[in-house]
Amino acid sequence: MPPGKRVGFAVMGLGRLSLEEILPAFAECKAARPVALVSGSPEKARVVAAQYGIAPESVYGYDEVHRLSENPEVQAVYVVTPNGLHRDNVLAVAKAGKHVLCEKPMANTSAEAREMVEACRKAGVRLMIAYRCQYEPFNRETVRLVRSGELGRPRVLEATNTQVQGPADQWRLKAPLAGGGALPDIGLYCLNGVRAVLGEEPVEVFARIVNPEGDARYADIDETTVFMLRFPSGAIANCATSYGAHESKDLRVRLERGWIDLENAFAYRGQRMRIARRKGESESVEELRLGAKNQFALEIDHFAECILEGREPRTPGEEGVQDHLLMEALYRSAREGVPVAI
Ligand code: NDP
C-alpha cells in the first residue's frame, strides 16, 4: 500500500517494547506507518523521531494528547505504557477522536477495562488489545487445526509462561503500575491462548499462588501462579506462570487422535510446532514449517486494515474485559483456596 494510504500511528511510551519491537516492526507493515510519538522524555523522543522520519512537531507529551485531534496524519495510537496507566491513556486518546491499539494487560481491573470499552464506543473509535499471539502464524495454525476437528476433540491443554524478573525498582513489581504480578503480565498469554484455541469460555477456574517467603518484591503481587480452567466441552487447561523460573513459553494440546506441541508459543520468535496424528494403530509426527513473519507487524496491520475497512478487530476491548474477569476469579480462587464457578 503506498505510504499516503497507510494508517498513521502515534506510538505512546518509548520503553523497551516500543524501541526494540514495535517501531522496528513498522518496516514490515503493509498498511500502517509511524507518524507521531507520545513520550514523557522529550530528548529521547526527539532522537527516536529523527530515526523514524517523524516530524519534530509530531512529538507530544502525555499532557498534550488532546492535541492529536489537530493532526490528521494520526489515525490511531498504540498505547505502550505501564499497565496501570492504560486506562487514563486510552480515555485521553478516545477523547482526541483517535482509534486505539492498547498493550496487554488491558488495564488493572475489569472495571477499568469496561470503562475503556465504553469510552471508545461513545467516542466512535475502535479499540483493540495487542494480543500479538492471536496474529502469530503458528498460534493461528494451532487454533485452526484444533477447531477443524481433524484430531478429534481437545481434552487437555498445558500452557506455561515463565521468565526470571530482576530487581525490585521496576514498575512491573509495583502493584499500582503493574496491576498484579506474573499472572497479568505473562500468565495472561496462557489464559488468552487456551481460550483462543478452544473458542469457548471457562465455567470453572482454580488457582494457587506460591510466593517466595521474605522476598519484599512479592509482598503485593504474585511470583508464581498455577491455574486450571475447566471448559463446557469438558476440556481442561493447566497453566503455569512465574517470575522465578527460567524462560519457558510453551503450549501443548492433547486431543482424541493426536497432539500439538508448540514450543516458544508465546515468544517473539523461534516457534517450533510438532503435530502427532493417530491413524488406526500407527502414529505419525510431523514438524510444521511456516515462513518467518513478524507478529508485531501482523498485529499492527490487522488493526490498520480494520480501521480502513470499518471492521471489528479479532481482539477487541471486550476480549480484554473477559481476561480481567477471569484473572479476578483466579485471584479470588487463590485467596479462598477453592475453585470458583464463572
Ligand atoms: P518499559 O518500562 O520498558 O517502558 C514503558 C514506557 O512507558 C517508559 O519508557 C516511558 O516512556 C513510559 N512511561 C510513562 N509513564 C511511566 C511511568 N510512570 N513509569 C514507567 N514508564 C512510564 O515497559 P515495556 O515497554 O516493557 O512495557 C510497556 C507495555 O507493553 C506494558 O503494558 C507491558 O505489559 C506491554 N508489553 C507487552 C509485550 C508484548 O509482547 N506484547 C512485551 C513487553 C511489554 P517515555 O519515557 O517515552 O514516556
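Keep in mind that this is a model prediction, so the values were computed, not measured.

**Student:** Lay out the domain arrangement of the protein chain in plain terms, naming residues and giving numbers.
**Tutor:** The figure often quoted for interface size is the accessible area lost as the parts come together. Each domain of the protein chain was delimited in the assignment, giving domain 1 (3–132 + 296–311) and domain 2 (137–290 + 324–341). One C-alpha centre belongs to domain 1, the other to domain 2, and the line joining them spans 27 Å. Across the contact, 19 residues belong to domain 1 and 19 residues belong to domain 2. Taking both sides of the interface into account, the surface hidden between domain 1 and domain 2 amounts to around 1600 Å²; carbon and sulfur atoms contribute 55%. On the domain 1 side of the interface with domain 2, the three residues burying the most area are Lys-104, Tyr-131 and Arg-132, jointly 33% of the side's total. At the boundary of domain 1 and domain 2, one finds two salt bridges. Here domain 1 is connected to domain 2 by 12 residue pairs in polar contact (both at pLDDT 80 or more). At the level of secondary structure, the elements contributing two or more residues to the side of domain 1 that touches domain 2 comprise α1 (16–25), α4 (110–123) and α8 (295–309). A total of three residues in the side of domain 1 that touches domain 2 trace back to one element, the largest contributor, which is α4. Considered class by class, the residues forming the side of domain 1 that touches domain 2 number 10 nonpolar, five polar and four charged.

**Student:** Give a description of the environment of Met-228 that names residues and reports values.
**Tutor:** Secondary-structure assignment places Met-228 in strand β9 (residues 224–230). Residue classification places Met-228 among the partly exposed positions, given a relative accessible area of 22%. With 71 residues separating them along the chain, Met-228 and Leu-157 place their C-alpha atoms 9.7 Å apart.

**Student:** Tell me what's going on with the sheet that holds strand β6 (residues 127–129), and back it up with residues and numbers.
**Tutor:** Across the sheet, six strands lie side by side as β3-β2-β1-β4-β5-β6; this open sheet has parallel pairing. With partners counted over all chains shown, the strands left at the sheet margins are β3 (59–60) and β6, one partner each.

**Student:** Outline the packing of α1 against α8, listing residues and values.
**Tutor:** Interaxial distance between α1 and α8 falls to 8 Å at its minimum, and their mutual angle equals 65 degrees. When you trace α1 past α8, the crossing you get is right-handed. On α8, the residues that touch Leu-17, Glu-21, Ile-22 and Ala-25 of α1 are Phe-296, Ala-297 and Ile-300. Split by residue class, the contact of α1 with α8 holds six nonpolar, no polar and one charged.

**Student:** I'd like a rundown of the site of the ligand, residues and numbers included.
**Tutor:** As a matter of local geometry, the ligand sits amid 26 residues, with Ser-39, Ser-41, Tyr-62, Asn-83 and Arg-132 nearest to it. Here an oxygen atom of the ligand sits 2.8 Å away from a polar atom, N or O, in the main chain of Arg-16. Between an oxygen atom of the ligand and a side-chain N or O atom of Asn-83, the distance comes to 2.7 Å. Summarising the interface, the protein chains cover 80% of the accessible area of the ligand, which totals 890 Å² for the free molecule. Broken down by secondary-structure element, the contributors of at least two residues to the shell around the ligand are α1 and α7 (182–198). Across the shell around the ligand, the residue classes break down as 11 nonpolar, eight polar and seven charged. Here the shell around the ligand spans two domains, and each of domain 1 (3–132 + 296–311) and domain 2 (137–290 + 324–341) adds at least three residues to it.

**Student:** Talk me through helix α5 (residues 137–148); I want residue IDs and the actual numbers.
**Tutor:** Between its first and last C-alpha atoms α5 spans 16 Å; for 12 residues at 1.5 Å apiece the expected length is 16 Å, and the two agree. For α5, the set of buried residues is Phe-138, Asn-139, Glu-141, Thr-142, Val-143, Leu-145 and Val-146. The elements touched by buried residues of α5 are β7 (154–162), α7, β11 (251–255), β12 (258–263), β13 (272–279) and β14 (282–288). The N-terminus of α5 is capped by Glu-136, whose side-chain oxygen sits 3.0 Å from the backbone nitrogen of Phe-138. At the C-terminal side of α5, Gly-149 shows a positive phi close to 85 degrees.

Rules behind the numbers
Residues numbered from 1 in each chain as written. Predicted model: local features only at pLDDT ≥ 70, side-chain atom pairs only at ≥ 80, totals over all residues. Heavy atoms only, no water. Domains from an automatic or database assignment. Contact = heavy atoms within 4.5 Å. Buried area = accessible area lost by both parts, 1.4 Å probe. Salt bridge = Lys/Arg side-chain N within 4 Å of Asp/Glu carboxyl O. Polar contact = N/O pair within 3.5 Å; in protein donor to acceptor, adjacent residues only side chain to side chain. Helix = DSSP H or I, 4+ residues; strand = E, 2+ residues; numbered from the N terminus. Nonpolar A, V, L, I, M, F, W, Y, C, P; charged D, E, K, R; others polar. Buried < 20%, exposed > 50% of the residue type's maximum accessible area, 1.4 Å probe, protein only. Pairing = 2+ DSSP bridges. Axes fitted to C-alpha atoms, helices over the stretch in contact; angles between N-to-C directions. Left-handed = near helix turned anticlockwise from the far one by under 90°. Near = heavy atom within 4 Å. Areas by Shrake-Rupley, 256 points an atom, 1.4 Å probe, with all protein chains shown as cover. Expected span 1.5 Å × (residues − 1).

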